[in-house]
Amino acid sequence: MAPRVDHLYFFLLGIASFFSLLIAGLIVYYAVRFRRRSADSVGARIQGGMLLEITWTVVPLVIAMVIFVWGANVFFAMSTPPVETLNVYVVGKQWMWKFQHLDGQREINELHVPVGRAVKLIMTSEDVIHDVFVPAFRVKADVVPGRYTNLWFQPTRPGRYHLFCAEYCGTRHSGMTGEVIVMEPDAYEAWLSGGAVEGSLASAGEKLFSDLACNTCHRPDTQGRGPDLQDLFGKTQALQDGASVVADEAYIRESILNPRAKIVAGFQPIMPTFQGQVSEEGVLELVEYVKSLNKNRASAPAASSEGAPRPADAVPASGRGTRN
Ligand code: CUA
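Here we summarise the structure given alongside this text. (Residues numbered from 1 in each chain as written. Predicted model: local features only at pLDDT ≥ 70, side-chain atom pairs only at ≥ 80, totals over all residues. Heavy atoms only, no water.)

Further remarks concern the sheet that holds strand 6 (residues 130-134). Reading across from one edge, 4-10-9-6-7 is the order of the 5 strands in this open sheet, with mixed pairing throughout. Strand pairing shows two members of the sheet lacking a second neighbour, strand 4 (110-114) and strand 7 (139-143), which therefore form its edges. Across the sheet, the mean angle separating the axes of adjacent strands is 20° when strand polarity is ignored. Bridging between strand 9 (residues 159-165) and strand 10 (residues 177-183) involves 6 bridges; their strand directions are antiparallel. Bridge assignment links His 162 to a residue of strand 10, and that residue is Glu 179. (Pairing = 2+ DSSP bridges. Helix = DSSP H or I, 4+ residues; strand = E, 2+ residues; numbered from the N terminus. Axes fitted to C-alpha atoms, helices over the stretch in contact; angles between N-to-C directions.)

Taking burial as the measure, the 7 residues of strand 5 (residues 119-125) include 7 buried ones, the bulk of the element. Here strand 5 shows no split at all, with Val 119, Leu 121, Met 123 and Ser 125 on one side and Lys 120, Ile 122 and Thr 124 on the other all buried. Relative to strand 5, strand 1 (residues 86-93) runs parallel, the two sharing 7 bridges. Residue pairing for strand 5: Asn 87 is matched across the bridge by Lys 120. The pairing of strand 5 with strand 8 (residues 149-153) spans 5 bridges and is classified as antiparallel. From the neighbouring strand, Met 123 faces strand 8, where its bridge partner is Thr 149. (Buried < 20%, exposed > 50% of the residue type's maximum accessible area, 1.4 Å probe, protein only.)

This part takes up the packing of helix 1 (residues 2-33) against helix 2 (residues 50-79). Any two packed helices are characterised by how steeply their axes cross, that is the angle between the axes, and by the distance between the axes. Helix 2 packs onto helix 1 with a crossing angle of 160° between their chain directions and a minimal axis gap of 10 Å. Relative to helix 2, the element helix 1 is oriented roughly antiparallel. Crossing handedness for the pair helix 1 and helix 2: left-handed. Contacts between helix 1 and helix 2 pair Arg 4, Val 5, His 7, Leu 8, Phe 11, Leu 12, Ile 15 and Phe 19 from the former with Ile 63, Val 66, Ile 67, Trp 70, Gly 71, Asn 73, Val 74, Ala 77 and Met 78 from the latter. By residue class, the composition of the contact of helix 1 with helix 2 is 13 nonpolar, 3 polar and 1 charged. (Parallel < 35°, antiparallel > 145°, perpendicular 65-115°, else oblique. Left-handed = near helix turned anticlockwise from the far one by under 90°. Contact = heavy atoms within 4.5 Å. Nonpolar A, V, L, I, M, F, W, Y, C, P; charged D, E, K, R; others polar.)

Such coordinate-based values are descriptive only and should not be taken to indicate function.
Shown next as C-alpha cells:
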C-alpha cells in the first residue's frame with residue numbers, strides 16, 4: 001500500500017507546489033508590471049471576463065475530481081482486507097501493546113509476522129483510545145475501548161519497523177511504541193513453534209468457557225437456557241424484539257459483557273454480565289472459541305490463518321469512521 005499512498009501524496013505535493021509558485025510569481029510580476037507610475041493615475045475599469053471565470057472554475061473542478069477519485073480508490077483498498085488474512089488480536093492499554101496470535105503466542109510491544117502474507121489486526125483497548133500507526137506501511141487506525149477496529153497490511157520486505165501510538169493517551173503516550181518484525185516464512189514458522197505455547201487462542205477460550213461455567217447454559221441440546229453457540233459465528237440471529245443481528249466479534253463481546261442488550265428470540269434475559277470478570281484478552285479468547293465452533297469453515301486453509309465469513313470482514317465498517 002505504501003507506494004500507492006506515496007504516489008498520491010507526491011501528486012498532491014506537486015499540485016500544491018505548482019500553484020503556490022504560480023500565484024506567488026504572478027503577484028510579484030503584476031506588482032512590478034502594473035505599479036502606479038504617477039500620483040494621479042487611475043486604473044482602467046474591468047467588466048469581468050466570461051472565459052476567465054469558466055477557466056478558473058473548470059480547472060480546479062477537474063483537479064479536485066482527480067484527487068477525489070484517486071484518494072477514494074486508495075482509501076477503499078486500505079479499508080478492505082483480502083478474504084484470506086493472517087489474523088492477530090491487538091489489545092492496547094496504558095501504555096503497551098499486547099498481541100495475541102491465533103496459535104496462542106502472546107507478545108508485548110513486538111509483533112512478528114511473515115513476509116508476503118496479508119495480516120489483519122483486530123484491535124480493541126482496555127482503557128482509553130489509542131491508535132496503531134506503522135509509518136513504513138502507511139497504515140494507521142484508532143484502537144477504541146468497547147469496540148473492534150481492523151487494520152490490514154501486507155509486508156513486502158523482511159525487517160524491523162517502528163510501531164507508534166498515534167493518539168494522545170496519557171503521560172507515557174510517547175513511550176507507547178513497539179516494533180513490527182517481518183520475517184521470512186521459514187523463520188516465522190520457526191518463531192511460531194518456538195515460544196512457550198499454552199495452546200491456541202481457541203483452546204484457551206474453551207477453557208475459560210468452562211471455567212466461567214458458560215457451558216452449563218450454552219449447550220448443544222435443547223435443555224440449554226442459553227442459545228447454542230454451534231455454527232453461530234457469522235450467522236444472522238433473530239432477536240426477541242423482532243430485530244436481527246449478525247453474530248460478529250462485536251456482538252459476541254457485547255453478549256458477554258452486556259447480555260441484556262440483545263436477547264435472542266425464544267430465550268429469557270437471565271444471563272448475568274461478565275463485566276469485570278473477563279479481561280479484553282479473555283473476551284478475545286472466547287470470541288475465537290465461538291469462531292472455532294463453526295464446522296463449515298471451508299475457507300480456512302490452516303490453523304494459523306482464517307478465512308472469516310463475510311459478516312466478520314464487515315466488522316470494521318463501524319470502525320472505518322474512526323480512522324484519522
Ligand atoms: Cu496509547 Cu498514545
